[in-house]
Amino acid sequence: MNEMLPLLTYCVLMSSTPGPNNMMMVACGAHHGYRRTLPAILGINAGGAVQTFATCMGLGALFTAWPALHVALKLAGTLYLLVLAWRLVGSPVAQDRPPEQVSFAQAAMFQAVNPKSWVKAVTIASVFMPVQLGVVQGALLVSLVGAVIGFPCISMWALFGVGIGRVLSSPVRRRVFNAIMAASLAVLALMLMR
């Protein structure tokens, strides 16, 4: 268990701190509630687990061999965040037409262009892989740990959004909230390109 504590701590920190996934879940929770956001939360965790497993199995070596691939993913992630921000600003604010919900598949696939998810996966693969297990068993273990730890952490952000959603009863408040969330996503996107 002492060997797992650093991995658990790292996963809690990476899943709990602000990032593209968590900003997206705040907006989804505010507009759709927790139950309708749950597929996206599960998608983030499933996509992150597959990403971590693939990285542990050797995908991380591609980034070392071809740094341009990392830059391309960073650019794609930044552009995707800017598109999300644009969609959020342009979304209707009427009570009966909230912005489109993020699906399980969209959230899972977003991990492929989410730079924070790549940092997490590469760090887990390079620092936290258990040496006493085989590669496949070790990759499965750390991927599962990341997903199990990630679920409540990401849920916390969605529930925060649900709480905010309760005060967004008027179109003006929704418009202000959408603008703040869109600006947050845009700033985050630009910070990722540094």
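Conventions and cut-offs
Residues numbered from 1 in each chain as written. Predicted model: local features only at pLDDT ≥ 70, side-chain atom pairs only at ≥ 80, totals over all residues. Heavy atoms only, no water. Helix = DSSP H or I, 4+ residues; strand = E, 2+ residues; numbered from the N terminus. Buried < 20%, exposed > 50% of the residue type's maximum accessible area, 1.4 Å probe, protein only. Contact = heavy atoms within 4.5 Å. Areas by Shrake-Rupley, 256 points an atom, 1.4 Å probe, with all protein chains shown as cover. Core = buried A, V, L, I, M, F, W, Y, C linked by side-chain atoms within 4.5 Å. Polar contact = N/O pair within 3.5 Å; in protein donor to acceptor, adjacent residues only side chain to side chain. Patch = residues over 30% accessible without salt bridge, like charges linked within 9 Å, V, L, I, M, F, W, Y side chains within 5 Å. Salt bridge = Lys/Arg side-chain N within 4 Å of Asp/Glu carboxyl O. Disulfide = S-S within 2.5 Å. Phe/Tyr/Trp six-rings, centres within 6.5 Å; stacked < 30°, edge-to-face > 60°. pLDDT = per-residue confidence, 0-100. Expected span 1.5 Å × (residues − 1). Bend = angle between axes of the 7 residues up to and from the residue.

Draft legend 1. Inspection of the overall build of the protein at higher detail. Of the regular secondary structure elements, the protein holds 7 helices and 0 strands. When the helices and strands of the protein are listed from N to C terminus, the series reads α-α-α-α-α-α-α. Looking at the protein residue by residue over its 194 residues, the buried ones come to 46%. The long-range share in the protein, meaning contacts at least 24 apart out of those at least 6 apart in sequence, stands at 85%. Just so you have it, the protein exposes about 9,900 Å², and 74% of that area is on carbon and sulfur atoms.

Draft legend 2. Fine view of the nonpolar core. In terms of nonpolar packing, the biggest core is built from 29 residues, with Met24 and Met25 touching the most fellow members. Looking at this core, the elements that each hand over two or more residues are helix H2 (20-65), helix H3 (67-90), helix H4 (104-110), helix H6 (135-165) and helix H7 (171-192). The element contributing the most residues to this core is H2, with 10 residues. Beyond its immediate chain neighbours, meaning those up to four positions away, Met25 contacts Thr37, Ala40, Ile41, Ile44, Ile154, Trp157 and Ala158.

Draft legend 3. Representation of the side chain of Gln101 in the model. In this fold, Gln101 is placed in the loop between H3 and H4. Gln101 gets classed as buried once you look at its relative accessible area, which sits at 15%. Separated by 2.4 Å, the side chain of Gln101 and the backbone oxygen of Arg36 make a polar contact. If we skip the residues at most four places from it in the chain, Gln101 touches Cys28, His32, Arg36, Thr37 and Gln106.

Draft legend 4. Quick peek at a nonpolar patch on the surface. Taken together, the side chains of Met57, Val135, Val136 and Leu140 make up a nonpolar region of the molecular surface, amounting to roughly 340 Å² of accessible area. If you tally residues by element for the nonpolar patch, the top one is H6, at 3 residues. Relative to the assigned elements, Met57 resides in helix H2.

Draft legend 5. Up close: the state of the cysteines. Within this structure, the stated rule accounts for 0 disulfides. In this model Cys153 remains outside any disulfide bridge; the closest cysteine sulfur is found in Cys11, 8.8 Å from its own.

Draft legend 6. Representation of the packing of aromatic side chains within the structure. For the coordinates displayed, the defined rule picks out 2 aromatic pairs. Summarising the aromatic geometry, the rings of Trp157 and Phe160 are spaced 6.4 Å apart at their centres and angled 85° between planes, so their arrangement reads as edge-to-face. In this pair, Trp157 and Phe160 are both assigned in helix H6, 3 residues apart and thus about one turn of the helix distant. By relative accessible area, Phe160 is classed as partly exposed at 48%.

Draft legend 7. Broad picture of the confidence of the model for the protein. Across the protein, the average pLDDT comes to 83, with 89% of residues at or above 70. Of all secondary-structure elements in the protein, the lowest mean pLDDT belongs to H3, at 74, while H4 reaches the highest, 95.

Draft legend 8. Structural detail: H6. With 31 residues, H6 ought to run about 45 Å at 1.5 Å a step, and its terminal C-alpha atoms sit 44 Å apart, in line with that. Along its length, H6 shows its largest kink, about 30°, at Gly150, and proline Pro152 lies within four residues downstream of that point.

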